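Architecture and fold: a report
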Amino acid sequence: MTAGDLSGFDSAVALLYLAAAVSFVLGLHLMNSPAGARKGNRLSAAGMALAIALTVVVLVHDDVITGTGAGVLAAGLVVGGVGGLISARRVQMTDMPQLVSLFNAVGGGAAALIAIGDALPHPLRDAPVRTTIPTVLDVLIGAITFSGSLIAAGKLAGKVSGSPILFPGNRVLSVLLALVALGGGGVVAGGNGGVPLLLVVTAAALGIGVLITLPIGGADMPVVISLLNAFTGTAVAMAGFVLDSTPLIVAGALVGAAGTILTLLMAEAMNRSVLGIMKGGFGVGDEAHVAAEGAGGAVRSTSVDDAALQLAYARSVVVVPGYGLAAAQAQHELVELCQALEAHGVEVSYGIHPVAGRMPGHMNVLLAEANVPYTQLRDLEEINPEFPRTDVVLVVGANDVTNPAARRPGNPVSGMPILDVDKARSIIVIKRSMASGYAGIDNELYTDPKTAMLFADAKAGLKQLHTGVQAYVS
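Conventions used here
- Residues numbered from 1 in each chain as written.
- Predicted model: local features only at pLDDT ≥ 70, side-chain atom pairs only at ≥ 80, totals over all residues.
- Heavy atoms only, no water.
- Helix = DSSP H or I, 4+ residues; strand = E, 2+ residues; numbered from the N terminus.
- Rg over C-alpha atoms; globule rule 2.2 N^0.38 Å.
- Buried < 20%, exposed > 50% of the residue type's maximum accessible area, 1.4 Å probe, protein only.
- Contact = heavy atoms within 4.5 Å.
- Salt bridge = Lys/Arg side-chain N within 4 Å of Asp/Glu carboxyl O.
- Pairing = 2+ DSSP bridges.
- Axes fitted to C-alpha atoms, helices over the stretch in contact; angles between N-to-C directions.
- Parallel < 35°, antiparallel > 145°, perpendicular 65-115°, else oblique.
- Left-handed = near helix turned anticlockwise from the far one by under 90°.
- Nonpolar A, V, L, I, M, F, W, Y, C, P; charged D, E, K, R; others polar.
- Polar contact = N/O pair within 3.5 Å; in protein donor to acceptor, adjacent residues only side chain to side chain.
- Core = buried A, V, L, I, M, F, W, Y, C linked by side-chain atoms within 4.5 Å.
- Patch = residues over 30% accessible without salt bridge, like charges linked within 9 Å, V, L, I, M, F, W, Y side chains within 5 Å.
- Areas by Shrake-Rupley, 256 points an atom, 1.4 Å probe, with all protein chains shown as cover.
- pLDDT = per-residue confidence, 0-100.

It is worth spelling out the overall build of the chain at this point. Regarding its fold elements, the chain presents 16 helices and six strands. Relative to a compact globule of 474 residues, whose C-alpha radius of gyration would be 23 Å, the chain shows 25 Å and is just as compact. With respect to the principal axes defined by its C-alpha atoms, the chain has extents near 80 × 55 × 35 Å. Taking all 474 residues of the chain together, 48% fall into the buried category. Restricting the contact set of the chain to residue pairs at least 6 apart, pairs at least 24 apart contribute 80%.

A separate point is the pattern of salt bridges. Counted under the stated rule, the structure contains nine salt bridges. Here arginine 315 and aspartate 391 are joined by a salt bridge, their closest N and O atoms 3.5 Å apart. Taken together, the positions of arginine 315 in the loop between α11 (304–312) and β1 (316–321) and aspartate 391 in the loop between α15 (380–383) and β4 (392–396) put the pair 76 residues apart, joining distant regions of the chain. Taking relative accessible area as the criterion, aspartate 391 reaches 13% and is therefore assigned buried. Ionic pairing is found between arginine 407 and aspartate 422, a salt bridge with its closest N-O pair at 2.8 Å. Of this pair, arginine 407 sits in the loop between β4 and β5 (426–431) while aspartate 422 sits in the loop between β4 and β5; the two residues are 15 residues apart in sequence, bridging distant segments of the chain. Taken together, the salt bridges that share partners define one network made up of Arg407, Asp420, Asp422 and Lys423.

Another point: the sheet that holds strand β3 (residues 377–379). The sheet built from six strands is open, its strands ordered β3-β2-β1-β4-β5-β6 with parallel pairing. Both outer strands of the open sheet, β3 and β6 (451–455), are each paired with one neighbouring strand and no more. Taken pair by pair, the neighbouring strands of this sheet meet at an average axis angle of 25 degrees, ignoring direction. Two strands pair when backbone bridges link them, and β5 and β6 are joined in this way by five bridges, in the parallel orientation. Bridge pairing in β6 links isoleucine 430 to leucine 454. α11 rests against β1, β4, β5 and β6 of the sheet, and its axis sits at about 135 degrees to β5. Each of β4, β5 and β6 is contacted by helix α16 (residues 458–473), which is oriented at about 150 degrees to β4, the strand it contacts most.

Moving on to the packing of helix α4 (residues 96–119) against helix α5 (residues 129–157). When two helices pack together, their arrangement is captured by the angle between the axes and the distance separating the axes. Their axes nearest at 7 Å, the elements α4 and α5 cross at an angle of 155 degrees. Judged by the inter-axis angle, α4 sits roughly antiparallel to α5. The handedness of the crossing between α4 and α5 is left-handed. The residue inventory of the contact of α4 with α5, partitioned by class, reads 15 nonpolar, nine polar and one charged.

Turning our attention to the side chain of aspartate 138. Its place among the elements puts aspartate 138 in helix α5. From its side chain, aspartate 138 meets the backbone nitrogen of alanine 239 in a polar contact 3.5 Å long. Beyond its immediate sequence surroundings of up to four residues, aspartate 138 is in contact with Ala111, Ala112, Ala115, Ala143, Ala235, Met238, Ala239 and Val242.

Attention shifts here to the nonpolar core. If you look at soluble globular proteins, the nonpolar side chains tend to sit buried side by side. One finds Leu311, Leu334, Tyr350, Leu394, Val396, Leu462 and Leu465 to be the most contacted residues of the largest nonpolar core, which totals 39 residues. Sequence-distant contacts of leucine 334, that is, excluding residues within four places in its chain, are made with Val319, Leu325, Tyr350, Leu367, Leu394, Val396 and Leu462.

What follows is about the side chain of threonine 390. Counting through the fold element by element, threonine 390 comes out in the loop between α15 and β4. With sequence-adjacent residues up to four places away left out, threonine 390 is seen in contact with Ser316, Val317, Val318, Ala424 and Arg425.

With that out of the way, let us pick up a nonpolar patch on the surface. Together, Phe167, Val172, Leu173, Val175, Leu176 and Leu179 make up an exposed nonpolar region whose accessible area comes to about 540 Å². Mapped onto the elements of the fold, leucine 173 is located in helix α6 (residues 170–189). Judged by relative accessible area, leucine 173 falls into the partly exposed class, the value being 36%.

Per-residue pLDDT for the chain has a mean of 85; in total, 92% of the residues score no lower than 70. Throughout residues 1–5 the model reports pLDDT below 50, and contacts reaching past four residues in sequence, or to other chains, amount to two contacts.

With that settled, the discussion passes to unusual backbone geometry. The backbone phi angle of aspartate 244 is positive, close to 60 degrees, even though this residue is not glycine. Looking at where aspartate 244 falls in the secondary structure, it is placed in the loop between α8 (221–243) and α9 (246–269). Backbone geometry places asparagine 371, a non-glycine residue, at a positive phi of 65 degrees. The residue asparagine 371 is located in the loop between α14 (362–369) and β3 in this model.

Our next topic: the environment of aspartate 126. You can see aspartate 126 is positioned in the loop between α4 and α5. On a C-alpha basis, the gap between aspartate 126 and glycine 190 in space is 7.8 Å, while along the polypeptide they are 64 residues apart.

Of all the six residues making up β1, six are buried; the element is thus mostly covered by neighbouring parts of the structure. Alternating positions in β1 separate into two faces, Ser316, Val318 and Val320 on one and Val317, Val319 and Pro321 on the other, with burial throughout. As paired strands, β1 and strand β2 (residues 347–352) are joined by four bridges and run parallel to one another. Counted as the bridge partner of valine 318 is serine 349 from β2. As paired strands, β1 and β4 are joined by five bridges and run parallel to one another. Looking at β4, one finds that valine 317 is bridged to valine 392.

This is how it looks when you write it as structure tokens:
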């Protein structure tokens, strides 16, 4: 192989890596809109496949991997690819948030292992700061992301209590671990301490991830998922600096930046600071049930026939979906009902709260799966002015995001922007029981004289409403 050939090979690889990076940027841009999200996802996936293939080609070309190493790499690609494909195909929409958290954990853990693995054969003592600083940051951020994401996934899956978990000395231990992690990391970054101290830093960071996630309540999980996703991207970018890999740097930086922006937007949607969320204590879990001030009053229940009659003869209907819709996997029944109403001349739209569900965009993904037209998905700022002119609001499984108690101080949801469904002419709520949401307080909407409660599983209730509406409009 001549020098000219090597130069040509390197140039081709650089150009193809650039194409992969461009696909990441364009894919992320397309994901700004639900209409382009699928195309953006495919484009980004294609860019990642190209980057992985190029990396394998370069490793083989440069004789970095041979024999057993090549077999291990091939096995890893097959196991990871098949595992990811099976997980993506089998996961239920209700389990998507915890799957995202697990992916965050895998990304953060892999990034940390890259830094540790790269440091093992190359002593860090007296290494240049361009090597030691990315290594330390990679380990710190990656390890925190790994353990924190596992706890978040456990909370979302119900394996760990959704309530804030605190124990005596929690804060003190967190501070001590932070001092160990930062102090040890500083020593390693300065070219001292070596790999043994780096492993101590790793252990401290793993502990920090657990301790900062346990005190956070279930209602804040959408923001936590987004924040951990930003951490994952940042850790991957640091891994890119460790390996001198431009695609990793670009991909990690994009994920980190996008995750940070989304975290800030989600926190703003809850009218809370990110720091306040990380301190924990907002969501107190499903176990607590506290009556909100002003929540007293009679609850009016309704029958399927009466609710169907209301919907069939309304001029405008706004559907407000929540986690209950996802839990019942009732998105297709909801769409069939709405299509029947539209065929009868009823104007139908969907009011989407940014933190409805258990991860950012949960309701958008759920409804997109059922092929709801993107033009009907209206965010909080867009739909709230429409409620006073709406004949019927159909709330399916949403709780805290519709609670008027948020407009008053002194309760767990105070200050959180809500969907103003109580300003509509009438409200129908499909809910299995009067149980509170993650915030742990009663929803004052349910005792509003304009509200009728249809106690049913969302899937069965929507199917019955569809049958009832068809009976009235046929």
